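Residue strings, one per chain:
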Amino acid sequence: MYILKRKNRNISVKAYVEVNGKQQLVEISCSTKDETIARERAPDLIEEATRRLSRPEVYCTLEELREFYYLCPLLKLNYDTRKHNWNELMHLIKALGLNPNMSINELGLLKEGKSIIRQYEDKFGNPHKLRKIRSIFQKKFMYWLEVEKGITTSCFSHILAYTPMQAVTKPFVVSDHQILEIYEKGKQLKETHPEFFKMFLLASSGGLRRAEVLRLTWGDIHSFSGRNYIVLRQTKAGHEQRVNIPASTYDALLSMKNGHTPSDFVIESTNRPKLWDREFVPFLRDKLGIHDNKPAHFLRKCLGAMLATRHGIYVASKTLRHASVTTTEKHYADLVSPANDIEIL
């Protein structure tokens, strides 16, 4: 016996199933909006849920969980994003004095009625990092662990049930004079530091992030019907994206191609990450006067500020490739004038 329930347009099935001699209520999504199809799928879904819940509990270590997280094909995240999220979890484990080689069953244990995320939040209070940690335990990954790997994920229920507080985002503050001064100094790099110039141009004119600049090849830069754009194969979002660039940026980049093939990287160096981190970033601080925690990312923010003030929040959001306009508003809404100068009389 089961009932169908419409939730967020899709239909889910609710039923009591017998697990180890006890009745347990389960709710499973039918992944459809059609009630007829949902009724056809319901018996199989209930049977699968019963079989899954009746299995003996199988746990893995955190090290094994890390390997599963990197391999899960359902997560549309690139390797760098997964690695960063996992490193944040490891920092949390060490900060709380826990064993980094423990079983995931221990990870789900409560201390004073609090999950590890709540413990860390009360002690250190960094919601931005906590959201990254919480994102590891998303439904797609939990489902893949249960179905494909046979790992028991009920130990994560306390982690999944808690939502970290929202981080307070400080609005981006910059002046026209500061941006123009940085741009003037950046233009002079073409003759003195050509690789720095390419990095500067891609970050400040295209809004590219560090990994996107370092992975860019000459074959990713295109021009078609008067539109100049860059194809980003691997992005923070985990899928291919395109970003428009001005004609001057396109011409400047092509003038520095110097016979390179489409598969060659735009940034020439035997160690591109080292060139960025140990040479380009200090150069931005010392020579261009960008005294920010992330000087290279500051260039991307300057582009966002100028687009938001000249063309509006929506254009800035599309160019910076934010997942939502809300993200753009948090940083740049204060720069857009709220003045009403529409006269009807």
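As the structure is a computational prediction, the values presented were derived from the model and not from experiment. Within any chain, residue numbers begin from 1 and follow the written order of that chain's sequence. Since the coordinates come from a predicted model, pLDDT governs what is reported: local features require at least 70, and pairs of side-chain atoms require 80 or more to be given and counted, while whole-chain, interface and lining totals use all residues. Neither water nor hydrogens contribute to the side-chain values; these are computed over all heavy atoms in the structure.

Right, let's get into the packing of aromatic side chains. Classification of ring pairs rests on two measures: the distance between centres of Phe, Tyr or Trp rings, Trp counted by its six-membered ring, which must be within 6.5 Å, and the angle between planes, read as stacked under 30 degrees, edge-to-face over 60 and tilted in between. Under the counting rule described, the total for this entry stands at 11 aromatic pairs. On the basis of an interplanar angle of 45° and a centroid distance of 4.9 Å, the ring pair of phenylalanine 137 and phenylalanine 156 is categorised as tilted. Of this pair, phenylalanine 137 sits in the loop between helix 6 (127-136) and helix 7 (139-148) while phenylalanine 156 sits in the loop between helix 7 and helix 8 (157-161), and the two are 19 residues apart along the sequence. Residue phenylalanine 137 is classed as buried on the basis of its relative accessible area of 1%. Joined through ring pairs, the aromatic side chains of Phe68, Tyr69, Tyr70, Tyr79, Trp86, Phe141 and Trp144 make up one cluster. Lysine NZ or arginine CZ positioned within 6 Å of the ring centre and within 35 degrees of the ring normal marks a charge as sitting over the ring. Taking the ring centre of tyrosine 229 as reference, the NZ or CZ of arginine 227 above it sits at 4.7 Å. A cation over a ring is seen here: arginine 272 above phenylalanine 265, with NZ or CZ 3.6 Å from the ring centre. Helix numbers and strand numbers start at the N terminus; a helix is a DSSP run of H or I with at least 4 residues, a strand a run of E with at least 2. Classification of residues uses two cut-offs on accessible area relative to the type maximum, computed with a 1.4 Å probe and protein chains only: under 20% is buried, over 50% is exposed, and between them is partly exposed.

Hydrogen bonding along the main chain pairs the strands of a sheet, whether they run parallel or antiparallel. Strands sit in the order 1-2-3 across an open sheet of three strands; the sheet is antiparallel. Single-partner strands in this sheet number two, and they are strand 1 (2-7) and strand 3 (22-29). Taking the axes of each pair of neighbouring strands and ignoring which way they run, one obtains an average angle of 25° across the sheet. Direction of pairing for strand 2 (residues 10-19) relative to strand 3: antiparallel, over a ladder of eight bridges. Residue pairing across strands places valine 13 opposite isoleucine 28, the latter belonging to strand 3. Two strands are counted as paired when DSSP detects at least two bridges linking them. Here the axes come from fitting lines to C-alpha atoms, over the contacting stretch only for helices, and the angles between their N-to-C directions go from 0 to 180 degrees.

Going residue by residue along strand 6 (residues 241-244), you find Gln241 and Val243 tucked away on one face and Arg242 and Asn244 left uncovered on the opposite face. Both strand 5 (residues 227-232) and strand 6 contribute to a ladder of four bridges, which runs antiparallel. Of the residues in strand 6, the one forming a bridge with tyrosine 229 is asparagine 244.

With that settled, the discussion passes to the pattern of salt bridges. Within this document, salt bridges are pairs made up of a side-chain nitrogen of Lys or Arg and a carboxyl oxygen of Asp or Glu, the two lying within 4 Å of each other. Throughout the structure, instances matching the rule amount to 14 salt bridges. Residue glutamate 181 pairs with lysine 185 through a salt bridge whose shortest N-O separation is 3.6 Å. Note that glutamate 181 and lysine 185 are positioned in helix 9 (residues 176-187) at a spacing of four residues, about one turn of the helix. Taking the relative accessible area as the measure of exposure, glutamate 181 reaches 38% and is therefore partly exposed. Look at lysine 185 and you get partly exposed, because its relative accessible area is 30%. In this structure, glutamate 184 and lysine 187 form a salt bridge, with 3.4 Å as the shortest nitrogen-oxygen distance. With glutamate 184 and lysine 187 both in helix 9 and three residues apart, the pair spans about one turn of that helix. Classification of glutamate 184 as partly exposed rests on a relative accessible area of 44%. Through salt bridges with shared partners, a single network forms among Glu63, Arg66 and Glu67.

By convention a nonpolar core is built from buried Ala, Val, Leu, Ile, Met, Phe, Trp, Tyr and Cys residues, the set being connected through side-chain atoms within 4.5 Å. Ranked by size, the top nonpolar core spans 50 residues in total, and within it Met199, Ile230 and Phe280 carry the most contacts. The dominant element in this core, judged by the number of residues it contributes, is helix 15 (residues 295-311), at nine residues. Residue contacts for phenylalanine 280: discarding those within four places in its chain leaves Phe196, Met199, Phe200, Leu275, Ala296 and Leu299. In terms of nonpolar packing, the next biggest core, distinct from the first, is built from 33 residues, Cys72, Met90, Leu107 and Ile117 among them. In what follows, residue pairs with any heavy atoms lying within 4.5 Å of each other are defined as contacts.

Our focus in this paragraph is a nonpolar patch on the surface. Judged by side-chain polarity, Leu74, Tyr143 and Val147 come together as a nonpolar surface patch covering roughly 250 Å² of accessible area. Note that valine 147 resides in helix 7. Patch membership requires over 30% relative accessible area and the absence of a salt bridge. Like charges are linked within 9 Å, and nonpolar side chains (Val, Leu, Ile, Met, Phe, Trp, Tyr) within 5 Å. Here the open area of atoms and residues is found with the Shrake-Rupley method and a 1.4 Å probe, where only the protein chains shown may cover a residue.

Next up on the list: the packing of helix 15 against helix 16 (residues 313-320). At a closest axis distance of 7 Å, the pairing of helix 15 and helix 16 adopts a crossing angle of 150°. With respect to helix 16, the element helix 15 is oriented roughly antiparallel. Between helix 15 and helix 16 lies a crossing of right-handed hand. Across the interface between the two elements, Arg300, Leu303, Gly304, Leu307, Ala308 and His311 of helix 15 pack against Ile313, Val315, Ala316, Thr319 and Leu320 of helix 16. Classifying every residue of the contact of helix 15 with helix 16 by side-chain character gives seven nonpolar, three polar and one charged. Angle categories: roughly parallel below 35 degrees, roughly antiparallel above 145, roughly perpendicular from 65 to 115, and oblique for all the rest. Rotating anticlockwise by less than a right angle from the far helix to the near helix defines a left-handed crossing, while the corresponding clockwise rotation defines a right-handed one. Residue classes follow a fixed rule: Ala, Val, Leu, Ile, Met, Phe, Trp, Tyr, Cys and Pro count as nonpolar, while Asp, Glu, Lys and Arg count as charged, and any other residue, Gly among them, counts as polar.

Let's shift gears to the sheet that holds strand 5. Taken together, three strands build an open sheet; the order of strands is 4-5-6 and the sheet is antiparallel. Single-partner strands in this sheet number two, and they are strand 4 (221-224) and strand 6. Geometrically, the sheet is characterised by an average inter-axis angle of 35° between neighbouring strands, direction not taken into account. Bridging between strand 4 and strand 5 involves four bridges; their strand directions are antiparallel. Its bridge partner lying in strand 5, histidine 222 is registered against tyrosine 229. On top of the sheet, helix 13 (residues 247-254) reaches strand 4 and strand 5; it is set at about 125° to strand 4, its chief contact.

The quantities given are spatial measurements derived from coordinates; they are silent on function.
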